[in-house]
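# A structural walkthrough
Here are the chains, one letter per residue:
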Amino acid sequence: MGLREELESRFGSNFSDSITERFSHSADMGFVPQLVWSGNIKLNLIPDYVIYPTSVEDVVDLVKIALKYKVPIIPYGRATNRYGNALPVDGGIVVDFAKMDKVDVDEVNSQAISEPGATWKLVDLAAQSKGLQLRTFPSSYDSTVGGGIAGDALGIGSYEYGFISDNISFVDMVNPRGEVVRLEGPNLALASGAEGITGIIVRAGVKLRKYAPTEAIVLAFNSFDDTVKAIGEFYREVIPAWHVQVRGPSISTNIADRFNAKLSRGKWNMIIMYPSTRSTLVEPKIYRIAQTFNAEIYEGEWTGWWSFNHGVVAALRSKGLLIHQHGLIHYTKLVELVNELKGFLGELGKLEPNSGFDLDIDLEKREVLLVNAFTEVSLKYEDKKIIYDLAKNTLMMDSFIKVGGSLLSIGIFAHKYAKNRLSAMGKTFQQLGVDRYEVIKKYKEEMDPEELFNPGKVLDPKKRGKVVLEIVGKQQEALRFRFGIGLAKAIVPGGEVQGFTVVKRYLDIFADYAMQCIDCAMCVTVCPQFKLIPQTPYAPKGMFDFVKGAVTYYYLKGGVDIPDDAIVELSGCHKCGLCDGVCPAKIPISSLLVRLNGIVARKMPEEPPVDVPLLQDPELRSVNDNSSDIILWIGKNLVDNPNVAITVLRLLKLVGAKAKVIGTTYDSGFMDYISGGEKLNEKMEKNKSVLASAVEVITIAPEDYRVFSEAYKDYSNMNNMRMGFEVSPIELRLLKSLPIDGNGEEIYLHAACFATPYVGEVIKRLTDLGFRVRKVEGCSGAILEKNLGKRADKMARALGAKYPMLVTLCPLASLKFKENGIPAKTLVEFIAEKVGLTTVVTSSTKAKLELSDSEKQELRNAITTSLLKSLSSKSSIIADTVTFTSSGIDEYKKIIEDVIVEALSDAGDGIKVHIKKLLENKKAQGATYDDIVNYLSALIRELSNIISTMQLDPIIGVVINQVKGLTSEQFDEGVLRQTLILLVRENEKVIKERATALTADAVS
C-alpha cells in the first residue's frame, strides 16, 4: 500500500486528490502566486493531497503517515493572511481544519476551549451566549483560531489585551513525532508565532472577558501631526479603552463612500472603542484630547465590514491593485516610518493608482503600533508587469526594519526578518525571559530534521522547499528597478499572463472576478453549503482560490486541463445569494456561478426524448382534457422520476381537476436557458402551439417553473409569442385545494434552488395548515450533475445525516437523495399520503436505466481508443506546423483548429460505431422500443460524463511524443500541449454530437 492508498483508506471521504481541492488550497491574500507566474520561481504551491481531519486522533494518524513516507504536511485554516503561511512550497499534504471547529465555553475559568478550525467569530458568538466575549481577535474576524495562534496575530482589542499569545491559556499540539503535547506559559513560544513549523495545533484555551456593550467615539483630526500627538496622549494618559484604531484620510473617504461608515471624509479618523461600563473613565479624557488637538468628535460605530482590515482592502481595491504591507513599530517611530515610505511611495494620505499611500493603524499594548501601509498601482493582479510594482512591497518591509520594527508575519518570503519579529517585537515572551526565535529554531532542528512540518516558512530551509530562497533574488531583481520602475514597465511586455488567459477560457468571467476576491472568508462563514460540507472548494473563497491555483499549475506543469466535472464541483451550489450580501468586494457571486453552470450545460448533448406512457391507465387518462386552457406540464425532467407525475395525476383526479397534459417528450428548454444557448428560441417555437391558448401552466419540476416564469416571459416579445399565461407550481395548487390537518407535525422542507421564488408561499401555506416547517437549504445538483461531479452526492449525504426525513420541492432532488440512501420524498408525495393516497409504480413507467460497471468501462475504453487514434492520425500534420508554436497559443490554435476538430469528428464516428453495436446487441436480446430508448439515454448520459471528466494529459502526452519523433524542429512543447488540450475541451461537443447522431433505424 502506497501513500495515496493509505491516506484514502484511513480518511475516506475526508481525503481528496481532486484538482478542485488541490487548486483551492494554493493561494491566500498575498502575491506569492505571482512569483510563480513570473516564470522564474518554481514554488510548488499545489498540494498533492488534502485531508480534512475531524479529531485529534485523525491528526495524530496523519502525522504518523507523513513521517512514514517523509512527505510535507501543511496546516490550513482559512488562508486569509498574505505571507503564504498556509501554502505548500513543495507539494505534500494540506491539512484543512474546516471540520474541526467545535467550541466549548468554560464559564468558571472564563475561557473557550476551541478546535483549530473554529473562527474567531464562532468563538465570540459561543462566548456571548454565556455572558462572555473575546478579549482580542485578529482583524480577520472570520480567520481561524489555529491560524491566529500560529501567527501570533494582533487586532481588535489588542490595545488592552495585547498579542494573541497574551490571550491563550494553553495549546495542545501534535509534535513532529506524532505525540500530543500541552503547551502553557513560556512553552507557548513553541506554537505561538511558529506558523506551523513546530507542530500542528489541535486545541487551544482562549481567554475571555465578561460581556459588556461596546461604545465607540470617533475623533477626526485635520492633520497627521495632530494624530501622532493624540496617539502619544493615549499612551501617556493610559486611557482605559479596549481598542483604538486610526484610519488615514484617503482610507476614511473610501470606506465612508463604499460602506456608509461614520467616518469624516478626508480626515484622520481615530475610532476609540470601550466597554460601556468604563464610559466615565474614558470619555472625559477623549474629550480633552479632542479639545487639545481641535478634533471633531462624534459618536461612532464599530460593527460592519468597514471595521476590519479586509473591509479596508475591499474599499481601496475599487481603483487599482492594492499593494499592502503591515508591521509593528514603537509609537515614537511613526513619523520616522512615514518619512521612509514617502521616499518611494509619495504623498501621505493621497491614495491614487501609482501615486501616494495611506495608513491604517492599530494601537497595541506596550506602546506598539500595528501599521498597515497601502499603495495602489494601475495594473491588474494578473498583469505581467506587476512583479516590478511588487518592489514597493519589499521596500515597505525594509522600512519597518529600518525604524526598529518588524513585520507582522514571516511566512515564505521574509525569513531574514524572523529573529526581529519573534524576539525584538515578541514582548510577551521577552517578559517571560524566553528568546522565542532561538527556542523555535532549536526545537525545529531537533524534532523535525526532515523539515516536514510546513517547510519553507519562518526559517531558511535546508532540505525542503529551498526554492523559497530564490524569492530574495526576485525581490532584489525588482528592487534594482525601484528608481526606474517606469522604465522597466516600458521595456517589459504587459497584459495578462498567459496562464491566466488559458484558465479564463475554461471559466469565463468567473476568472476575472476571482482576482477581485480579498480573501476575507466572510462568504465561507455564511455559506449554508459549507456548513453542510465544510470543504474549501464549496465556498466562494475556495472557488476563487481555485482560479489562482489553476494558473499556478499551468506554469508548474506547462499546461492545465479543467474538466467539466471540476466546474460542476465549483458551481453546483444553492445560489441562495448570502455570499453576495456579505461580500465586501461586491462580487456578484451567485450570478457568476449560474454562468459557470451554463458553461457545462452548453456542452451536454441532448438526450433522445423518452415517452413515458403515463396516460395508459384509464383512471389517470380521465384527468387529461385536450380542450382545457389549463396545462399540466410534465416534461422531460420527470423522465427520471415518473412516479411523481403519476401521483400528481392521481391528486388532480381526487380534486376533480382537469388539464391538458403535456408529456415527457416535451422540453421547456431549461438547460438551454441556463447555458444562454441559442436553442432556447427553438424550444420556445416548438412549444408555441401547445402554450398558445393557455391561461395557466402548472409545473411539477422547479426547473420548468423557472424557465416558464422568467425566460418565456422575457423572450416572448422577441419571438412574437403570446405568453399571457400564469405559471403555478403544483404544490401551491394542491395546498389550496386539499383539506389537510398538519396537527403540529414537523416537516424538514428542502428548498430546491429553482423553487426559491415560491418556497416562501409554500412554507406559509403549510404553516397555516398546522405544520411546523423547517426550511432546509442545499442544492442537490441533480439537474446539472446527473453522473457528473461529486458535490451533489456529498450534499445529499450531509443533509441525510442531519435530518431524519427530507421533503423536497424537486423530483430530481428526491431521486438524488434516494440514490444516496437518504429517506426523502417530494412534497407532492407527502401531500398524497396526507389525503390517503399511496404512490404506485405501474408497469408502464420506466425508472432511470443505469449501465453496468462493465458496460461503463467498455464505453470508456472505446472513447479513449477512438480519441487517441483520431488525434494520432493527425500527428504528421501537427509535426509539420510545430515551428508556429513560437507564436503562442492563440496563433497556433488558428493554424491547427480545423485539423483537431476533424479528428474529434472522426473520434465521434468511431464511438458511434461502438454505440450502434451495443444497441444491436440489446435488440438481439429482445429489448422493446421503450427499453432501447431508455438504454440509449443512459449511454448518452455516460458518454457525456466520461468525456467531461476524462484526463486528457495522458492522451495528449502520447501525441506529443509522436510529434517529437516526426520532426527535428525545435518547438514550444508547453504551447503545443496547452493548445491541444484547449482545442479538445472547447470542441468536446463535436465528439458527443457525432457519437450520438444516430438514425431512427438504429433505435427502432
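Scroll up a little and you will see the structure.
Residues numbered from 1 in each chain as written. Predicted model: local features only at pLDDT ≥ 70, side-chain atom pairs only at ≥ 80, totals over all residues. Heavy atoms only, no water.

Turning our attention to unusual backbone geometry. Even without being a glycine, Asp152 presents a positive backbone phi close to 45°. With respect to the helices and strands, the residue Asp152 is situated in the loop between helix H6 (145-151) and strand S9 (155-156). Of note, the phi angle at Glu367 is positive, near 65°, even though the residue is not glycine. Tracing the backbone through its elements, the reader meets Glu367 in the loop between strand S18 (358-364) and strand S19 (368-377). (Helix = DSSP H or I, 4+ residues; strand = E, 2+ residues; numbered from the N terminus.)

What follows deals with the sheet that holds strand S23 (residues 696-699). The four strands are arranged S22-S21-S23-S24 in an open sheet whose pairing can be described as parallel. Each end of this open sheet is capped by a strand with a single partner; those strands are strand S22 (660-662) and strand S24 (726-729). Neighbour-to-neighbour, the strand axes of the sheet open up by a mean angle of 25°, direction not taken into account. Bridge count for S23 against S24 is four bridges, and the pairing is parallel. When the sheet's bridge partners are listed, Thr699 is paired in S24 with Pro729. (Pairing = 2+ DSSP bridges. Axes fitted to C-alpha atoms, helices over the stretch in contact; angles between N-to-C directions.)

What follows is about the pattern of salt bridges. Inspection of every chain in the model, using the stated rule, returns 53 salt bridges. For Glu160, the salt bridge identified is with Arg278, shortest N-O distance 2.6 Å. Of this pair, Glu160 sits in helix H7 (residues 158-161) while Arg278 sits in the loop between strand S15 (268-275) and helix H10 (279-292), and the two are 118 residues apart along the sequence. The shortest N-O distance in the salt bridge between Arg985 and Asp561 comes to 2.7 Å. Placement of the pair is Arg985 in helix H44 (residues 973-986) and Asp561 in the loop between helix H24 (540-557) and helix H25 (564-571), with a sequence separation of 424 residues. Just as Arg985 is buried, Asp561 falls in that class too. In this structure, a network of salt bridges that share partners links the residues Asp519, Lys541, Asp545 and Lys548. (Salt bridge = Lys/Arg side-chain N within 4 Å of Asp/Glu carboxyl O. Buried < 20%, exposed > 50% of the residue type's maximum accessible area, 1.4 Å probe, protein only.)

For the rest of this paragraph, the subject is empty space enclosed by the protein. Sizing a probe to match a water molecule and rolling it over the atoms shows the empty space that remains. The full count for this structure, using the stated rule, is 11 cavities of 30 Å³ or more. What the largest cavity holds in volume is close to 650 Å³. Looking at the largest cavity, it is lined by 40 residues, and the ones nearest its centre are Thr80, Asn81, Gly147, Gly148 and Gly151. Counting residues per element, the ones that place at least two in the lining of the largest cavity are strand S3 (73-76), H6, strand S12 (200-210), helix H11 (309-316) and strand S17 (321-330). Here the lining of the largest cavity is composed, by residue class, of 15 nonpolar, 20 polar and five charged. Its boundaries defined by the atoms lining it, the second largest cavity holds a volume of some 160 Å³. Lining of the second largest cavity is provided by 15 residues; of these, Met29, Arg82, Arg317, Leu321 and Leu322 occupy positions nearest its centre. Of the residues that constitute the lining of the second largest cavity, the class distribution is nine nonpolar, four polar and two charged. (1 Å grid on protein atoms, 1.4 Å probe; cavity = no way out; pocket = protein on both sides within 12 Å on 5 of 7 lines; lining within 4 Å. Points joined across faces, edges and corners; volume = space filled by probe spheres on them. Nonpolar A, V, L, I, M, F, W, Y, C, P; charged D, E, K, R; others polar.)

Reading across the sheet, the four strands line up as S26-S25-S27-S28 and stay open at both edges, with parallel pairing between neighbours. The strands lining the two open edges of the sheet, one partner per strand, are strand S26 (772-776) and strand S28 (824-826). The mean inter-strand angle of the sheet, taken between neighbouring strand axes irrespective of direction, is 35°. Here three bridges tie strand S27 (residues 806-808) to S28, and the two strands are oriented parallel to one another. Paired with Thr808 across the strands is Thr826, a residue of S28.

Glancing now at the pairing of strand S11 (residues 180-183). Relative to S11, strand S10 (residues 168-174) runs antiparallel, the two being bridged by four bridges. Following the sheet pairing, Asp172 is matched in S11 by Arg182.

The calculated volume of the second largest pocket comes to roughly 560 Å³. What lines the second largest pocket is a set of 30 residues, and nearest its centre among them are Ser16, Ser18, Asp565, Glu569 and Lys790. For the lining of the second largest pocket, the elements supplying multiple residues, two or more each, are helix H1 (3-11), strand S1 (15-16), helix H2 (19-23), H25, helix H36 (791-802), helix H37 (811-819) and helix H42 (929-949). Among the elements that make up the lining of the second largest pocket, the one with the highest residue count is H2 (four residues). Of the residues assigned to the lining of the second largest pocket, the class counts are four nonpolar, 12 polar and 14 charged.

Now for the environment of Leu654. Along the chain, Leu654 turns up in helix H29 (residues 642-654). In this structure the C-alpha to C-alpha distance between Leu654 and Leu738, which are 84 residues apart in sequence, comes to 9.1 Å.

Attention now moves to the nonpolar core. In terms of nonpolar packing, the biggest core is built from 239 residues, with Leu359 and Leu507 touching the most fellow members. The dominant element in this core, judged by the number of residues it contributes, is helix H41 (residues 889-924), at 11 residues. Excluding its chain neighbours within four sequence positions, the residues that come into contact with Leu507 are Phe546, Val547, Ile562, Ile567, Leu596 and Ile599. Counting 86 residues, the second-largest nonpolar core is a separate cluster that includes Ile631, Val707, Ala751 and Phe817. (Core = buried A, V, L, I, M, F, W, Y, C linked by side-chain atoms within 4.5 Å. Contact = heavy atoms within 4.5 Å.)

Here the focus is helix H4 (residues 56-69). Given a rise of 1.5 Å per residue, 14 residues ought to cover 20 Å, and the 20 Å separating the end C-alpha atoms of H4 matches this to within 8%. What H4 keeps buried is the set Val56, Asp58, Val59, Val60, Leu62, Val63, Ile65 and Ala66. Phi turns positive, to about 55°, at Lys70, one or two residues after H4. (Expected span 1.5 Å × (residues − 1).)

Below, the discussion takes up the packing of helix H20 (residues 498-507) against H24. Each pair of packed helices can be described by the angle between their axes along with the distance between the axes. The contact between H20 and H24 brings their axes to 9 Å, and the two run at 130°. It follows from the interaxial angle that H20 and H24 lie oblique. Seen along the crossing, H20 lies across H24 with a hand that is right-handed. Each of Gln498, Gly499, Phe500, Val502, Val503 and Leu507 in H20 lies in contact with H24, whose residues at this interface are Phe546, Val547, Ala550, Val551, Tyr554 and Tyr555. For the contact of H20 with H24, a count of residues per class yields 10 nonpolar, two polar and no charged. (Parallel < 35°, antiparallel > 145°, perpendicular 65-115°, else oblique. Left-handed = near helix turned anticlockwise from the far one by under 90°.)

So, about H37. The α-helix winds at 3.6 residues per turn, so residues separated by three or four positions along the chain end up facing the same way. With seven of nine residues buried, H37 lies mostly within the body of the structure. Those residues of H37 not exposed but buried are Pro811, Leu812, Ala813, Ser814, Leu815, Lys816 and Phe817. Gly821 occupies a position one or two residues after H37 and carries a positive phi of about 75°.

This part covers the side chain of Lys825. Looking at the secondary structure, you find Lys825 in strand S28. For Lys825, a relative accessible area of 17% translates into the label buried. Among the polar contacts listed, one links the side chain of Lys825 to the side chain of Glu833, at a separation of 2.9 Å. Those residues within four positions of Lys825 in sequence are excluded, and the remaining contacts are Met805, Leu806, Val807, Thr808, Ser814, Phe830 and Glu833. (Polar contact = N/O pair within 3.5 Å; in protein donor to acceptor, adjacent residues only side chain to side chain.)

As for its placement among the helices and strands, Glu115 is situated in the loop between strand S6 (111-114) and helix H5 (120-128). Within the structure, Glu115 has its side chain in polar contact with the backbone nitrogen of Asp101 (distance 3.1 Å). When residues no more than four places from it in sequence are discounted, the contact partners of Glu115 are Met100, Asp101, Lys102, Val145 and Val202.

Function-wise, these values are silent; they only describe arrangement.
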